[in-house]
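Breakdown of the fold
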Amino acid sequence: MKSVVKQSRDGMRTVSAVPVFLALLIMIGCQSMPPLEQQERLVESRQLTVLQITPKAVVNVWGKPVYHHSEFTQFFVMPDKSMIPRSRVAVGEAPVGWEAGFEAGEGVFLGYPDQGWLLVFFDDQLVYREELKAEEVHTLGKVWQHEERFKTRLDGAPPR
C-alpha cells in the first residue's frame, strides 16, 4: 500500500491518513473474539477474561443463570477497556483508575450464586465481572425481581 504524499505551495509535505486508517481497521479486526470452544475453556477454568467471553459460552458451561437481568446501563470505561456498570459504584463516586470514558446501552446481568459471580455483558461481550458471596448475588437477584414486578408498561417492552 502506498502513502499519498502531497506537497503544498509553501513546500510542506503532508501524508494522507487513508493508509493509516486502513492499518487501524486491520488491527481492530485482528482483535476478535476467540472461538466458542476456547471461551468455554476459559469459563471452565474460571478465567473470566473481559472482552473475550460471550453469554453463550457461560451458559454452555455453567447452565442457565439463577438470576438474569437486562436494563439500559451507563458504564465507566476503564483504561483496560473493561466497563464498570454505574450501579456497581457508590452514588457520586467514580471507580479507582477511571479516566473519562463513558458508554451506555443495554447491559445484561447474569447472577450465579453457586459460582459466586456477577457477570455483566454489553454488546454480547463480558465487560465486567465481580466475585461475590452467594448471599450477595441472591440479594441482587431479589432486587432485580422486585424491580421487574413493579415496572410499568412504559418501562417495559412495547405492547404486542
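Residues numbered from 1 in each chain as written. Predicted model: local features only at pLDDT ≥ 70, side-chain atom pairs only at ≥ 80, totals over all residues. Heavy atoms only, no water.

Points about the pairing of strand β6 (residues 117–122)
Counted residue by residue, β6 has six buried out of six residues, so it is predominantly covered. Of the two faces of β6, the one carrying W117, L119 and F121 and the one carrying L118, V120 and F122 are both buried. With antiparallel pairing between neighbouring strands as the criterion, strand β5 (residues 101–112) and β6 make up a hairpin whose turn holds four residues, including G116 at a positive phi of roughly 80°. Relative to strand β7 (residues 125–131), β6 runs antiparallel, the two being bridged by six bridges. Within β7, the residue paired with L119 across the bridge is R129. Between β6 and the antiparallel strand that follows it, β7, lie two residues; D123 among them carries a positive phi value of about 55°. (Buried < 20%, exposed > 50% of the residue type's maximum accessible area, 1.4 Å probe, protein only. Helix = DSSP H or I, 4+ residues; strand = E, 2+ residues; numbered from the N terminus. Pairing = 2+ DSSP bridges.)

So, the packing of aromatic side chains
All told, the structure shown has six aromatic pairs when counted by the stated rule. Judged by centre distance (5.1 Å) and plane angle (55°), the rings of F75 and F122 are tilted. Residue F75 is located in strand β3 (residues 67–77), and its partner F122 is located in strand β6; the two are separated by 47 residues in the primary sequence. Residue F75 is classed as buried on the basis of its relative accessible area of 0%. Each residue in the set F76, W98 and F102 is aromatic and connected to the rest through ring pairs, giving one cluster. (Phe/Tyr/Trp six-rings, centres within 6.5 Å; stacked < 30°, edge-to-face > 60°.)

As for the pairing of β5
Pairing between β3 and β5: 11 bridges, direction antiparallel. Bridge assignment links V77 to a residue of β5, and that residue is G101. As paired strands, β5 and β6 are joined by six bridges and run antiparallel to one another. Paired with L110 across the strands is L119, a residue of β6.

Focus: the environment of V77
Looking at the element boundaries, V77 is found in strand β3. Placed 23 residues apart in sequence, V77 and A100 show a C-alpha to C-alpha distance of 7.5 Å. Those residues within four positions of V77 in sequence are excluded, and the remaining contacts are S82, M83, W98, G101, F102 and E103. (Contact = heavy atoms within 4.5 Å.)

Thoughts on helix α2 (residues 36–44)
All of the buried residues along α2 are Q39, E40, L42 and V43. Relative to the axis of α2, the buried residues are bounded by an arc of 155° and lie together on one face. Seen from the buried face of α2, the exposed residues on the opposite side, beyond 90 degrees, are R41 and E44. Contacts from the buried residues of α2 go to α3 (55–62). Backbone geometry just downstream of α2 places R46 in the positive-phi region, at approximately 60°. (Arc of directions from axis to C-beta.)

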